[in-house]
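Coordinate analysis (summary)
Okay, here's what each chain looks like letter by letter:
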4 protein chains.
Amino acid sequence: MANLDLNGIFPPITTPFIDGKVAFDKLASNIEHWNRTGLKGFVVLGSNGEYVYLSEEEKRRVVDTVVQSAAKEMRVIAGTGCESTTETLRLTEDCARLGAHAALVVTPHYYAGRMKEAALIKHFTELADHSPIPILLYNVPKFTHINMAADFVARLSEHPNIVGLKDSSANVIQLGEILNRVASDFNVLVGTAGVLFSGLTIGCAGGVCALANVAPEECVNIFDRVKAGDLNAARELQLKMIPVNQAVTAVYGVPGLKAAMDMLGYFGGDPRLPLLASSGQERSEIEAILKKAELLD
Amino acid sequence: MANLDLNGIFPPITTPFIDGKVAFDKLASNIEHWNRTGLKGFVVLGSNGEYVYLSEEEKRRVVDTVVQSAAKEMRVIAGTGCESTTETLRLTEDCARLGAHAALVVTPHYYAGRMKEAALIKHFTELADHSPIPILLYNVPKFTHINMAADFVARLSEHPNIVGLKDSSANVIQLGEILNRVASDFNVLVGTAGVLFSGLTIGCAGGVCALANVAPEECVNIFDRVKAGDLNAARELQLKMIPVNQAVTAVYGVPGLKAAMDMLGYFGGDPRLPLLASSGQERSEIEAILKKAELLD
Amino acid sequence: MANLDLNGIFPPITTPFIDGKVAFDKLASNIEHWNRTGLKGFVVLGSNGEYVYLSEEEKRRVVDTVVQSAAKEMRVIAGTGCESTTETLRLTEDCARLGAHAALVVTPHYYAGRMKEAALIKHFTELADHSPIPILLYNVPKFTHINMAADFVARLSEHPNIVGLKDSSANVIQLGEILNRVASDFNVLVGTAGVLFSGLTIGCAGGVCALANVAPEECVNIFDRVKAGDLNAARELQLKMIPVNQAVTAVYGVPGLKAAMDMLGYFGGDPRLPLLASSGQERSEIEAILKKAELLD
Amino acid sequence: MANLDLNGIFPPITTPFIDGKVAFDKLASNIEHWNRTGLKGFVVLGSNGEYVYLSEEEKRRVVDTVVQSAAKEMRVIAGTGCESTTETLRLTEDCARLGAHAALVVTPHYYAGRMKEAALIKHFTELADHSPIPILLYNVPKFTHINMAADFVARLSEHPNIVGLKDSSANVIQLGEILNRVASDFNVLVGTAGVLFSGLTIGCAGGVCALANVAPEECVNIFDRVKAGDLNAARELQLKMIPVNQAVTAVYGVPGLKAAMDMLGYFGGDPRLPLLASSGQERSEIEAILKKAELLD
């Protein structure tokens, strides 16, 4: 199977809602805006896309919209992980048919205590055996309470249809251990902008960062400067972006990310319940953080 | 709204599969078997029912089958918790229409960090305001990584359409704190057989126990003896059941529970992937535990 | 080795300080006060005794004072657990010489990741082999981040000089599992008043409860009523005591326990730094809780 | 107060024992060996020094030995954190008198639930106010279960006698947040070799690394190459050292570190009980890891 080049920055894009319904036109216009920012592509149906709140039909239409709106050279990666193996495969096939280039598959996690190595190896191998598009593993212990350690990733990386990993653990030691064990064309993507600079300097191919929804150029800039060997500039930008990234992830979550998008020319809008929209007070705090980082005047 | 009497034992029933498809006839025959064991009713679409692996259509048919097969006096409680508020309400309405007497609603948990008090209060209040059947809260931190503390439960217990709680935390101090704060007709159900005796002696109305899938009479016996004040007999039976309960929950999980059902005259069958069926070795261990507890000759 | 009868209630007593120095006279007068409350004995140098803040010399003088002040029939149990095996044995020998009847030994825990079964078995076996007085295991995962599971306790319980366990995990399932596995004369003591009633009804010999510092008669009453089969009275008292117990443990900690002692006729005083004394606001809250539980007028 | 230059690599040295007694001559010869490896100085009485197993007298003699044996230009940092504020100050004064240049003070942690900001601020401020030598904060959540977040560190960094931090959290985002908030002459030392390269590239002054006990030249090399801007060489060496570092920390612990020292020309010896010496099997595994990393032929 031909390998996929994922060297670059991918935002795990948000899903816009108006009155609780997916606003496909707003999604398309966000994509068109992002098309001009130097990104390598998009991750759709990720955690920041509130995928757990979307019906199967909505998921398909969201992927379709992104594929249609993305610039031709953009890579579209669809989050297709469900709790059951069968449902995950079905959604992966749907996304492939709609034009996604790869599927990003989170570890099933409801029965976390039973998701031991044998069960997860079987799950991912079944998928990879049957998926028409390449599979990327998605490690996000913050949400799943399961960690994919280096040995596990290395073992799965040998499957010809498993071509990479998004690791959102923020564990740089683990990134190093993984890079020590996988082939050089296996795409290790750092999954959070908080360690984008560190992930890239230790050897990651690229990054999937919530921050890239609101600061795509800055993330691309960190990537470009690291690749050019201009460490000081890259570090400086990374340190400047840390507070923004904390705001749109750990501190204010998806609602905060959407609020920041609204301030920066994208359509953010409200999340679906039970996620609560950012309060006025929270929006003021987010605005101050964006101004301090010079993303906003 | 009239109150619901849930004093007694409820198994959170498993969902039988044959070749990966829901075996509705096996479900019906299990129910008929359980109808004769002294249970107060059934919890359907709970964690032990692999609800996260069922499609919406399968969920509705499972509830329908249980309602149709349950003896007339049985209370049927349907697990209707989804990640989004809207989807949870829709499934609750469907289950009400199919004849469920109450809905058991787990805390949304994917964005656990954002599921703070305000978000959860809004979620449960919205549901309770609009649900045609009474709501039971479902606290299962082992799976959700969120705990509903006593103050939170007490606050929600004041809603006229929230009539009880299944607490699977195994935290007896918390059960005491809750009982101290809620009205006496609020149904506090202990959610794991490991503390069935302790939950009942501290004042719980009843129990929802995975163990009751395989040892319904023993669970009912513990309930009856506590109510009759025969503490020694109840304790003795509780201590005897602890290893069985550990086996069908923490140690071997849902696959082990299903394996034990197969040994005891029910249809257990295999779980859906990625849950792996118990191995031959595990089945031997389970069999030995059932024999030692005199559930099997 | 003759067995020790520990059926009853033991407060893990606080250590009084005046101007940062141990106030031995206040300690003696507290003991004399407690002598008249129906307690079975005392635990000295436990977590509530701020043992980690005492020098070796202070520890010896504290034990000496307690032994001298305790009524003749009282059992004195000294906390002798240190990080190193050698230091623990030396302190145990000192306490034995001073007249302690048993030693309570916490799991070493600084290198928690290395304190696997083999290391801990060796530690406790070495101690038990050489200690002139019987050893009680002390399981307090809240402080040590290590749990002694039932199999581990059962294995150590076979040593003739290991005669019991204080389990402060508040895990009633685990208490049941332990009782299933140990001989009937092995003293299983429930280590927190929050589950005193539940521990005793499931079969524990007695309790070591911080609450017994401030409400000794109530704790003894719960014990006596459970033993007399008067469950309703025992449960009612347990439920009434839960808020007090939460206050003097989880909510306000050792400083809160000492503040409550001051309100109830004992000498509490301030803890050593870095523990901060309860603030005026906290004292008001504690006072309200004591009044609501009718411990204070 | 004059500032301390801690730009460089410090091993948190082990404490050698023979027959359970501190082997001061072996300690001195290890120091003499390390004096010739490019290190900036030594951390003595840290976690790797088994400080929790040493008596006060042993601690003083160990510090004295290190000060006497260290080359003149070496900085000696003594770990003086005890549970109580008073005891910590006394040990700090002792170490100052013996010639230590700074004190490294771990967060008190036994009563972790009470060690909130106010208590810890008071603890460190008291110390810093009275200590004759500068204080370094020591953040090691793996052992203490307490994390010092960036705001907390920033606040304490304003004290003129608190001159730096050893952060062993391996959390590179947090290192970035701290660097964003403290003055440029505040010494942020990365506390684990697993993120030495990442810590230095993000802007840390130096590193305190267990690995530097066995691979001092390699650690110094990573430091020198990062400072020289030779990122590729530094990264390559970092990746090569990760398995060694995992072995002598997370996997085999202090016993494994000591075993590796024995293989590499230092005196390691056995740890004190209850830490168990590495088994023959473990030593073989460690040897293989050292060979693979070309530290051993």
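Basis of the calculations
Residues numbered from 1 in each chain as written. Chains lettered and ligands numbered in written order. Predicted model: local features only at pLDDT ≥ 70, side-chain atom pairs only at ≥ 80, totals over all residues. Heavy atoms only, no water. Contact = heavy atoms within 4.5 Å. Buried area = accessible area lost by both parts, 1.4 Å probe. Salt bridge = Lys/Arg side-chain N within 4 Å of Asp/Glu carboxyl O. Helix = DSSP H or I, 4+ residues; strand = E, 2+ residues; numbered from the N terminus. Nonpolar A, V, L, I, M, F, W, Y, C, P; charged D, E, K, R; others polar. Least-squares fit on C-alpha atoms with pLDDT ≥ 70 in both. Pairing = 2+ DSSP bridges. pLDDT = per-residue confidence, 0-100. Buried < 20%, exposed > 50% of the residue type's maximum accessible area, 1.4 Å probe, protein only. Right-handed = clockwise from strand over helix to strand, strands pointing away. 1 Å grid on protein atoms, 1.4 Å probe; cavity = no way out; pocket = protein on both sides within 12 Å on 5 of 7 lines; lining within 4 Å. Points joined across faces, edges and corners; volume = space filled by probe spheres on them.

1. Description of the interface of chain A and chain B
Every contact between the two is made by 33 residues of chain A and, on the other side, 33 residues of chain B. Taken together, the two surfaces of chain A and chain B that pack against each other cover about 3000 Å², and 65% of this comes from carbon and sulfur. Contact with chain B buries surface across chain A, with Tyr110, Tyr111 and Arg114 of chain A losing the most and accounting together for 28% of the total. Here chain A is connected to chain B by 0 salt bridges. Of all elements in the fold, only helix H3 (85–98), helix H4 (117–130), helix H10 (231–251) and helix H11 (253–263) of chain A reach the threshold of two or more residues within the side of chain A that touches chain B. In terms of residue count, H4 of chain A provides more of the side of chain A that touches chain B than any other element does, 4 residues in total. Across the side of chain A that touches chain B, the residue classes break down as 20 nonpolar, 7 polar and 6 charged.

2. Some thoughts on the relation of the copies chain A and chain B
Superposing chain A onto chain B takes a rotation of 180 degrees combined with a translation of 0.0 Å along the rotation axis, leaving an RMSD of 0.0 Å. One copy is carried onto the other by what is essentially a two-fold rotation axis. Scanning chain A for the C-alpha nearest the rotation axis identifies His145 of chain A, at a separation of 4.3 Å. Residue by residue, 100% of the interface of chain A is reproduced at the interface of chain B, so both copies engage with the same surface.

3. Section: the sheet that holds strand E5 (residues 75–79) of chain B
Residues and elements named next belong to chain B. Taken in spatial order, the 8 strands line up as E1-E10-E9-E8-E7-E6-E5-E4 in an open sheet, and their pairing is parallel. In this open sheet, the two edge strands, each paired with only one partner strand, are strand E1 (9–10) and strand E4 (41–44). The pairing of E1 with strand E10 (residues 206–208) spans 2 bridges and is parallel. In the strand pairing of E10, Ile9 is matched with Gly207.

4. Quick look at the confidence of the model for chain A
In this model, chain A carries a mean pLDDT of 97, and residues with pLDDT of at least 70 account for 99%. As a predicted assembly, this complex carries a pTM of 0.95 together with an ipTM value of 0.94.

5. A short note on the pairing of strand E6 (residues 102–106) of chain C
Regular strands show a simple pattern: their side chains alternate between the two faces of the sheet. Residues and elements named next belong to chain C. Burial within E6 is extensive, with 5 of its 5 residues counted as buried. Neither face of E6 is exposed, since Ala102, Leu104 and Val106 on one face and Ala103 and Val105 on the opposite face are all buried. With 3 bridges joining them, strand E5 (residues 75–79) and E6 adopt parallel strand pairing. Looking at the pairing, Gly79 lines up with Leu104 of E6. A crossover links E5 with its parallel partner E6, the connecting element being helix H3 (residues 85–98), and its sense is right-handed. A crossover connection joins E6 to the parallel strand E7 (residues 135–139) through helix H4 (residues 117–130); in handedness this β-α-β unit is right-handed.

6. Some words on the relation of the copies chain B and chain C
The transform that puts chain B on chain C rotates by 180 degrees and translates by 0.0 Å along the axis, for an RMSD of 0.0 Å. The overlap is high: 100% of the interface residues of chain B also sit at the interface in chain C, so the same surface is used on both sides.

7. A word on empty space enclosed by the protein
In total, this model carries 8 cavities of 30 Å³ or more according to the counting rule given. Estimated volume of the largest cavity: approximately 80 Å³. Around the largest cavity, the lining residues are His109, Tyr110, Ala112, Phe143, Thr144 and His145 of chain A together with His109, Tyr110, Phe143, Thr144 and His145 of chain B. Mapped onto the lining of the largest cavity, the elements with two or more residues apiece are helix H5 (141–144) of chain A together with helix H5 (141–144) of chain B. Its residues assigned to classes, the lining of the largest cavity shows 5 nonpolar, 6 polar and no charged.

8. Considering the pattern of salt bridges
Applying the stated criterion across every chain, the model contains 55 salt bridges over all chains. Glu117 of chain B is the partner of Arg155 of chain B in a salt bridge, and the nearest nitrogen-oxygen pair spans 2.9 Å. Of this pair, Arg155 of chain B sits in helix H6 (residues 150–157) while Glu117 of chain B sits in helix H4 (residues 117–130), and the two are 38 residues apart along the sequence. Arg155 of chain B sits in the partly exposed class, given a relative accessible area of 47%. For Asp270 of chain D, the salt bridge identified is with Arg283 of chain D, shortest N-O distance 4.0 Å.

9. Some words on the layout of surface pockets
In this structure, the second largest pocket occupies an estimated 910 Å³ of space. In this structure, the second largest pocket is lined by 35 residues; those nearest its centre are Val52, Leu54 and Glu87 of chain A together with Glu83 and Glu87 of chain B. Listed by contribution, the elements that provide at least two residues to the lining of the second largest pocket are helix H2 (56–69) of chain A together with helix H2 (56–69) and helix H3 (85–98) of chain B. Among the residues making up the lining of the second largest pocket, the classes are represented as 14 nonpolar, 10 polar and 11 charged.

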